[in-house]
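Listed below, chain by chain, are the residues.
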Amino acid sequence: MVARVLFRERRVEIWDSLGPDPAAANFLANILHYIYDATTLTDDSPPSFSDWARRWTTTDKSHLCPRQSNGDDCGVFTILNTYLMAQGCQLRPNTYI
């Protein structure tokens, strides 16, 4: 699974080569809490988390991620997907074909 934080767009995405997972919502929420804590650490009176979080979106993009066909290749998929996204490639289920 790859988590991507786009600070300028205030968006957090996850990409899981095993496909969408209902637990992704918890993972995204935890990442958002971490970003809030890290970015408001030095504020004298930070906004509440709920007010701050309204300006952010979280998205599970796993349905667009190339899928692995077994439970063993997740490391390779994570590294390759991270590299491709860093190069500006738009991942699709058939990216590797």
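The structure displayed is predicted, hence computed values, not measured ones.

## What to know about the overall build of the protein
Right, on to step 1. Secondary structure summary: the protein contains three helices and three strands in total.
Right, on to step 2. When the helices and strands of the protein are placed in sequence order, the string is β-β-α-α-β-α.
Right, on to step 3. Based on the C-alpha atoms only, the size of the protein along its principal axes is roughly 50 × 30 × 20 Å.
Right, on to step 4. Looking at the protein residue by residue over its 97 residues, the buried ones come to 29%.
Right, on to step 5. Long-range contacts, defined as pairs at least 24 residues apart, comprise 58% of the intrachain contacts of the protein with a sequence gap of at least 6.
Right, on to step 6. Of the roughly 6400 Å² that the protein leaves accessible, carbon and sulfur atoms contribute 54%.
Right, on to step 7. For the protein, the centre of its 9 positive side-chain charges and the centre of its 11 negative side-chain charges are spaced 10 Å apart.

## Some words on unusual backbone geometry
Right, on to step 1. A positive phi angle, close to 55°, is found at Arg-10, a residue other than glycine.
Right, on to step 2. Structurally, Arg-10 can be placed in the loop between strand 1 (2-6) and strand 2 (11-15).
Right, on to step 3. Since its relative accessible area comes to 36%, Arg-10 is described here as partly exposed.

## Observations regarding the nonpolar core
Right, on to step 1. Val-12, Ile-14, Ala-24, Leu-28, Ile-31, Leu-32, Ile-35, Tyr-36, Trp-52, Ala-53 and Trp-56 form the largest nonpolar core, which has 11 residues in total.
Right, on to step 2. Among the secondary structure elements, those contributing two or more residues to this core are strand 2, helix 1 (24-39) and helix 2 (49-53).

## Some thoughts on the pairing of strand 2
Remember that side chains alternate between the two faces of the sheet whenever the strand is regular.
Right, on to step 1. Within strand 2, four of the five residues are buried, leaving the element largely enclosed by the surrounding structure.
Right, on to step 2. The pairing of strand 1 with strand 2 spans five bridges and is classified as antiparallel. The residue bridging Arg-4 from the neighbouring strand is Glu-13, located in strand 2.
Right, on to step 3. The turn joining strand 1 and strand 2, which pair antiparallel and follow one another in sequence, is formed by four residues; a positive phi near 55° is taken by Arg-10.
Right, on to step 4. Sheet topology places strand 2 next to strand 3 (residues 57-60); four bridges connect them, and they run parallel.

## Examining a nonpolar patch on the surface
Right, on to step 1. On the surface, a cluster of nonpolar side chains totalling about 290 Å² of accessible area is made up of Leu-80, Tyr-83 and Tyr-96.
Right, on to step 2. Note on placement: Leu-80 falls in helix 3 (residues 74-86).
Right, on to step 3. Residue Leu-80 is classed as partly exposed on the basis of its relative accessible area, which comes to 34%.

Conventions adopted
- Along each chain, numbering runs from 1 in the same order as the chain's sequence is written.
- Given that the model is predicted, a residue must reach a pLDDT of at least 70 before its local features are reported, and side-chain atom pairs must reach 80 or more before they are shown or counted; all residues, however, enter totals for whole chains, interfaces and linings.
- The side-chain figures draw on all heavy atoms in the structure; neither hydrogens nor water molecules are used.
- By definition, any uninterrupted DSSP run of H or I lasting at least four residues is a helix, any uninterrupted run of E lasting at least two residues is a strand, and each is numbered from the N terminus.
- Think of it in three bands: with a 1.4 Å probe and only protein chains considered, a residue is buried below 20% of the maximum accessible area for its type, exposed above 50%, and partly exposed in between.
- Note on contacts: a residue pair is in contact if any heavy atoms of the two residues lie within 4.5 Å.
- Residue exposure ignores everything except the shown protein chains as possible cover, and the areas themselves are Shrake-Rupley values with a 1.4 Å probe.
- The charged-residue count follows a simple rule in which Lys and Arg add positive charge and Asp and Glu add negative charge, with His and chain termini not counted at all.
- For this purpose, a charge sits on NZ of Lys, CZ of Arg, CG of Asp or CD of Glu.
- What is meant by a nonpolar core is a set of buried Ala, Val, Leu, Ile, Met, Phe, Trp, Tyr and Cys residues, joined one to another through side-chain atoms within 4.5 Å.
- By this definition, two strands are paired if DSSP reports at least two bridges between them.
- In this scheme, patches are assembled from residues that exceed 30% relative accessible area and form no salt bridge. Like charges are connected within 9 Å, while nonpolar side chains (Val, Leu, Ile, Met, Phe, Trp, Tyr) are connected within 5 Å.
- We define a salt bridge as a side-chain nitrogen of Lys or Arg found within 4 Å of a carboxyl oxygen belonging to Asp or Glu.

Shape is all these values report; function is a separate question.
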